[in-house]
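A structural walkthrough
Okay, here's what each chain looks like letter by letter:
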Amino acid sequence: MMPLDESDCAATYKVLVVGEHSVGKTALLNRLMNREFRVSMMPTIGVDFVKKIFEVDGALVQLVIWDTAGQERFRSITRLQYRGVQGIVLVYDVTNSQSFTHLQFWINSIHSEIRHSQHQYEPIPIILCGNKADMADSRQVDTRRGEKLSREEMAFEFYETSAKTGDNVFLAFQRLAYHVTDICDPKLMKSYHPFMIKQEDMSHKQNGDSVTPKRKQKWKAKKAKVGHSKLPVFPRSLCCVSQQGS
Ligand code: GDP
C-alpha cells in the first residue's frame, strides 16, 4: 500500500505544543513520529514542526504541529506563533509541581493571544497532557489535580502521557485532530448529519450570516452560561477525562 501523503488529506490544521521548559514537548513530538526516545541533559532546541496524518471519523486530516521548546523559558511565544492556530497541546510534567502551577500562565497567554490574533467565533480545542507518567516514584502532581484543572479551566480532554513508553501520546494528538476537525470542518466527518447540513444551509441563506447558525447558537448559549470573565474558549461541557492505562 502506498504511504499517505498530504494530498490525500481533506484538510490541514496548525497546532501548537506549549508548556514549561523540560516538560517533554519535543520528546512527545519525537515519540509521535516514532523517533527514538533519548534522555538528554541538554535542553532541546525543539524541532520546529512535524506533520502527521490522522484519520478522524472517516476523514484524513493533517496536523502541522509546532514545537515551542527553547522559547518557553523566555516566555516568548509570540503572537505570530499563535496566529492561525487551530488547536493546542498544553503539557506539564507530573514529576514537577511547578510546571503544573505555571499552567495558569499558559492558559492566560493562550486566552489573550488568541483573542488578539483571531477574532474567531469557534473555540480552540486544548488537550492537557501530564507527561512523564512513567516516573511513578518521583510523581509530584496527582492525577486528580490534572483532571480538576481540565474540568474547571479549559481543556477538552486530559491525558497522562509518557514520551518514554508512548502511553497515550498518539491518542492525545488523535483526539486533538478530532476536535479541530469537528470545529473547523464538521462536514468532513462521517457522523455529520445531512439533515443538519440542510438546515444550516437554508437558514444561512435567510440570515446572510457567515457563521453557521446552529453552531453559533450552541456557543452563544455556553457563553451566556459561563459568563463573560470565562469566555468559553474551552467549553467545560465538552471535557472528558481519561487517565493513563484506562
Ligand atoms: P521540552 O523542553 O519541553 O521540549 O522537554 P524535552 O523534550 O527536551 O524533555 C526534557 C527531558 O525530559 C529530556 O531529558 C527527556 O528525555 C525527558 N523526558 C521527556 N519526556 C519524558 C517522559 O515521558 N518520561 C521520562 N522518563 N522522561 C521524559
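Just above sits the structure.
To keep things clear, this report deals only with the structure shown in the data block. (Residues numbered from 1 in each chain as written. Predicted model: local features only at pLDDT ≥ 70, side-chain atom pairs only at ≥ 80, totals over all residues. Heavy atoms only, no water.)

**Description of the packing of aromatic side chains**
When we look at a pair of aromatic rings, we describe it by the centre distance and by the angle of the planes. In the structure shown here, the tally under the stated rule is five aromatic pairs. Here the aromatic rings of F49 and W66 are separated by 4.7 Å at their centres, their planes lie at 45°, and the arrangement is tilted. Linking F49 in strand β2 (residues 49–56) with W66 in strand β3 (residues 59–67), this pair joins segments that are 17 residues apart in sequence. Judged by centre distance (6.4 Å) and plane angle (5°), the rings of Y92 and F158 are stacked. Placement of the pair is Y92 in strand β4 (residues 87–93) and F158 in strand β6 (residues 157–160), with a sequence separation of 66 residues. Taking the relative accessible area as the measure of exposure, F158 reaches 0% and is therefore buried. Clustering of aromatic rings is evident, with ring pairs tying together Y92, F100 and F158. The ring of W66 carries K14 above its face, with NZ or CZ at 5.8 Å from the centroid. One cation-aromatic arrangement involves R175 over Y178; the distance from NZ or CZ to the ring centre is 4.7 Å. (Phe/Tyr/Trp six-rings, centres within 6.5 Å; stacked < 30°, edge-to-face > 60°. Helix = DSSP H or I, 4+ residues; strand = E, 2+ residues; numbered from the N terminus. Buried < 20%, exposed > 50% of the residue type's maximum accessible area, 1.4 Å probe, protein only. Lys NZ or Arg CZ within 6 Å of the ring centre and 35° of its normal.)

**A short note on the environment of H21**
Note on placement: H21 falls in the loop between β1 (11–19) and α1 (25–32). Accessibility expressed as a relative area gives 28% for H21, which makes it partly exposed. For the pair H21 and T68, spaced 47 residues apart in sequence, the C-alpha separation works out to 9.3 Å.

The quantities given are spatial measurements derived from coordinates; they are silent on function.
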